[in-house]
Amino acid sequence: PNHHPQYFDDKADILEQAGLDTTAAFELKTVDGGYPDPNLVQFLRLTCLSGADLFLLEPVFRNEIWDFMGFPVSETNERAVGELIQDRCREGLAELNAAATEAADA
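The following refers to the structure shown. These numbers were taken from a predicted model, which means no experiment stands behind them.

Along the protein chain, the regular secondary structure elements total four helices and two strands. When the helices and strands of the protein chain are read in sequence order from the N terminus, they spell out α-β-β-α-α-α. Along the first, second and third principal axes, the C-alpha atoms of the protein chain reach 55 × 35 × 25 Å. Taken over 106 residues, the protein chain has a buried fraction of 26%. Long-range contacts, defined here as pairs at least 24 residues apart, represent 56% of the contacts in the protein chain between residues at least 6 apart.

Following this line, the structure appears as structure tokens:
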């Protein structure tokens, strides 16, 4: 979680409590009727937590925040999650394209 580096330690602690870490990897596949892996969604919502939603990082919520991330936090957060996914997909496609171009030139 690095969208807001000043909250990295808080987010890393929450992930650790959930049995994950900041380098968690997820397969992009659907589960439970076409929905993405719930842990992936929670991870992304936590990663994108910002602005007015940062109150959820307060210690009073520490034991429940991972469960809270199983539900939409705010429109801003959901939009940020979608944009993060799109950005990472674009980056991955660009890398594939570059590798294919290199292979074709070789």
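So, about the packing of aromatic side chains. Inspection of every chain in the model, using the stated rule, returns three aromatic pairs. Judged by centre distance (5.7 Å) and plane angle (80°), the rings of Phe-55 and Phe-61 are edge-to-face. Note on Phe-55: relative accessible area 44%, which makes it partly exposed. Through a chain of ring-to-ring contacts, the aromatic side chains of Phe-55, Phe-61 and Phe-68 assemble into a single cluster.

On to the pattern of salt bridges. Two side chains carrying opposite charge are able to pair once their charged atoms lie near each other. This model, assessed by the stated rule, comprises six salt bridges. Sharing partners across several salt bridges, the network here consists of Asp-10, Asp-13 and Arg-62.

Here we come to the nonpolar core. The biggest cluster of nonpolar side chains holds 17 residues, and the ones touching the most others in it are Leu-46, Leu-49, Leu-57 and Ile-65. At the level of secondary structure, the elements contributing two or more residues to this core comprise helix 1 (8-17), helix 2 (38-47), helix 3 (65-68) and helix 4 (75-105). Considering every element that reaches this core, the biggest residue donor is helix 2, with four residues. Beyond its immediate chain neighbours, meaning those up to four positions away, Leu-57 contacts Tyr-7, Asp-10, Lys-11, Ile-14, Leu-46, Leu-49, Arg-62 and Ile-65.

Definitions and limits used
Residues numbered from 1 in each chain as written. Predicted model: local features only at pLDDT ≥ 70, side-chain atom pairs only at ≥ 80, totals over all residues. Heavy atoms only, no water. Helix = DSSP H or I, 4+ residues; strand = E, 2+ residues; numbered from the N terminus. Buried < 20%, exposed > 50% of the residue type's maximum accessible area, 1.4 Å probe, protein only. Contact = heavy atoms within 4.5 Å. Phe/Tyr/Trp six-rings, centres within 6.5 Å; stacked < 30°, edge-to-face > 60°. Salt bridge = Lys/Arg side-chain N within 4 Å of Asp/Glu carboxyl O. Core = buried A, V, L, I, M, F, W, Y, C linked by side-chain atoms within 4.5 Å.

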